[in-house]
Amino acid sequence: MNGASIRSRNNRCSRKPGFASCIALGLWLIASLADPTASRAAVTLTTGDSLGNSSFNSAGNWSEALAPHSGTGYVVSVIQLRTPASGSSFTFLGDSLTVASGGQFTFKGTGTAGIITVTNLILNGGSITHLDAAGDLFQLAGNLNITADSMIYAKQGPIVITAVISGNGRFTNPGADGTSSILTISNSVNTYTGSIVNNGRFTLFANANLNFIIGASNVNNRVSGTGAATTFNGRFVFDLSGASTNVGDSWTIASASGQTFGATFSVDGFSRQGFGTGPGTWDVSANGVVYEFVTSTGVMTVLAQASAAVSTTTLGVRGGKFGSVDADLAACYAPSYASSVGGEDNA
């Protein structure tokens, strides 16, 4: 707001007899100067970008006919906002970019080096979609807030989300056109607590995290779907602050078709039976009970005490509990140990 417009409004105020109206105008002026965007409506994409064109970094089809700039929020509720058809990296310069219901944010870049950065990307019922060649990598950086049921669709090629993901809206990966069409989450400080439906191909990268809020029995966010591949190489983080303590209660955490847990998989704060990382049984004592997550079923259960993969008194191991690795060692060395203490060999 320039000085002339302020003087004009002050002059109008001076001609008004009502003191209250002057006070109201003064407050409006203070608020406008403190936050110049307070009364500015969001800019919308009026029509979808055509083949070879992009409004991501140009005036394009924005309602104010200007390229995205600071101080303004932008909303896409049409198909589609395209990224530039280039292998270079680009950053969205608006304060925020909201992909609302009916809207689509489409990757049309080339190659594997370019990075698309949106500092405040809000997925509010719309979709983020890869619609270029199978060899073109969509790297999405910045911050992604998922506020409503939405889609992240690695349709024609791979999407790697390096952005920090927040929010609690569910998102669905509807499918995959080929084996390279993999949706990957790679950030390790995500706060996202929504559910994921993978009907395509999905990977949680090593050290990347998914968060689960655990409530009453079977009340939780989860990963499900009928996709060809769902791979967990990263970390599960369970919020047990509101979890049931009734022995026998359980939660289905992961139930996607053909899901696998890699050698680097882990659960924050839990201990794996057999030690180390990877698939298996993970336990933690909390809230006066034991919570146990088993990768083979994808289910977490409340127990009075941790289960035992192998129980034996032959070796006199504390607690009589062995993980899968220890069980193999026990099977090999139990006869020799028994003989050394005066027992019968081959017992």
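Cut-offs and rules
- Residues numbered from 1 in each chain as written.
- Predicted model: local features only at pLDDT ≥ 70, side-chain atom pairs only at ≥ 80, totals over all residues.
- Heavy atoms only, no water.
- Salt bridge = Lys/Arg side-chain N within 4 Å of Asp/Glu carboxyl O.
- Helix = DSSP H or I, 4+ residues; strand = E, 2+ residues; numbered from the N terminus.
- Core = buried A, V, L, I, M, F, W, Y, C linked by side-chain atoms within 4.5 Å.
- Buried < 20%, exposed > 50% of the residue type's maximum accessible area, 1.4 Å probe, protein only.
- Contact = heavy atoms within 4.5 Å.
- Pairing = 2+ DSSP bridges.
- Polar contact = N/O pair within 3.5 Å; in protein donor to acceptor, adjacent residues only side chain to side chain.
- pLDDT = per-residue confidence, 0-100.
- Phe/Tyr/Trp six-rings, centres within 6.5 Å; stacked < 30°, edge-to-face > 60°.

Caption draft 1: Quick look at the pattern of salt bridges. Taken as a whole and assessed by the stated rule, the structure comprises three salt bridges. Here Lys155 ties to Asp177 by a salt bridge, and the two come within 3.0 Å at their closest N and O atoms. In this pair, Lys155 sits in the loop between strand E10 (150–153) and strand E11 (159–161) while Asp177 sits in the loop between strand E13 (171–173) and strand E14 (183–185), placing the two residues 22 residues apart along the sequence.

Caption draft 2: Here's a closer look at the nonpolar core. By size, the foremost hydrophobic cluster in this structure holds 59 residues, and its most contacted members are Phe105, Leu210, Phe232, Phe236, Phe238, Tyr291 and Met300. With near-sequence residues (within four places) excluded, Phe105 lies in contact with Phe56, Leu81, Thr83, Val99, Ile116, Val118, Leu121, Ser127, Ile128, Thr129 and Phe138.

Caption draft 3: Region of interest: the sheet that holds strand E27 (residues 299–303). With respect to topology, five strands assemble into an open sheet ordered E21-E27-E26-E25-E24, the strand pairing being antiparallel. In this open sheet, the two strands that pair with only one neighbour each are strand E21 (250–252) and strand E24 (271–272). Bridge count between strand E25 (residues 281–286) and strand E26 (residues 289–294): six bridges; the pairing is antiparallel. Paired with Asp283 across the strands is Glu292, a residue of E26.

Caption draft 4: How the structure looks around unusual backbone geometry. In the segment running from Ile79 into Gln80, the intervening peptide bond is cis, with an omega of 15°. Mapped onto the fold, Gln80 is located in strand E3 (residues 79–82). Unlike most non-glycine residues, Ala65 shows phi in positive territory, near 60°. Residue placement: Ala65 occurs in the loop between strand E1 (43–44) and strand E2 (73–76). On the basis of relative accessibility, which here comes to 53%, the residue Ala65 falls in the exposed class. Unusually for a residue other than glycine, Asn287 sits at a positive phi of about 60°. By secondary structure assignment, the location of Asn287 is in the loop between E25 and E26. Overall, Asn287 belongs to the partly exposed group, its relative accessible area being 43%.

Caption draft 5: Looking closely at the environment of Thr162. With respect to the element layout, Thr162 can be found in the loop between E11 and strand E12 (164–167). Sequence-wise, Thr162 and Gln139 are 23 residues apart; in three dimensions their C-alpha atoms are separated by 6.9 Å. Residues contacting Thr162, with those up to four places away along its chain left out, are Leu140, Ala141, Ser186 and Asn187.

Caption draft 6: Spatial organisation of the side chain of Asn187. Here Asn187 shows up in the loop between E14 and strand E15 (196–198). Its relative accessible area of 14% is what places Asn187 among the buried residues. Of the polar contacts made by the side chain of Asn187, one reaches the backbone nitrogen of Val189; its length is 2.9 Å. Once residues within four sequence positions are removed from consideration, Asn187 is found in contact with Ile161, Thr162, Ala163, Val164, Ala208 and Asn209.

Caption draft 7: Geometry of the confidence of the model for the chain. In the predicted model, the chain carries a mean pLDDT of 85, and 77% of its residues have values of at least 70. Across residues 1–17, confidence stays below pLDDT 50; counting only partners more than four residues off in sequence or on other chains, it has 13 contacts. Low confidence marks residues 31–39, where pLDDT is under 50. Its contacts with residues over four positions away, or in another chain, come to three contacts.

Caption draft 8: Structural view of the sheet that holds strand E17 (residues 209–213). If you trace the three strands from one edge of the open sheet to the other, you get E17-E20-E23, paired in parallel fashion. Both edges of this open sheet fall to E17 and strand E23 (266–267), since each of them pairs with a single strand only. Of the strand pairs in this sheet, E17 and strand E20 (residues 235–239) are connected by five bridges, and their pairing is parallel. Residue Ile213 lies in a different strand from E20, and its bridge partner there is Asp239.

Caption draft 9: Quick peek at the packing of aromatic side chains. Tallied over the entire structure, the rule returns 23 aromatic pairs. Judged by centre distance (6.1 Å) and plane angle (65°), the rings of Phe261 and Phe293 are edge-to-face. Of this pair, Phe261 sits in strand E22 (residues 259–261) while Phe293 sits in strand E26, and the two are 32 residues apart along the sequence. Residue class for Phe293 comes out buried when judged on its relative accessible area of 0%. Ring pairing ties together the aromatic residues Phe212, Phe232, Phe236, Phe238, Phe261, Phe265, Phe270, Trp282 and Phe293, which thus form one cluster.

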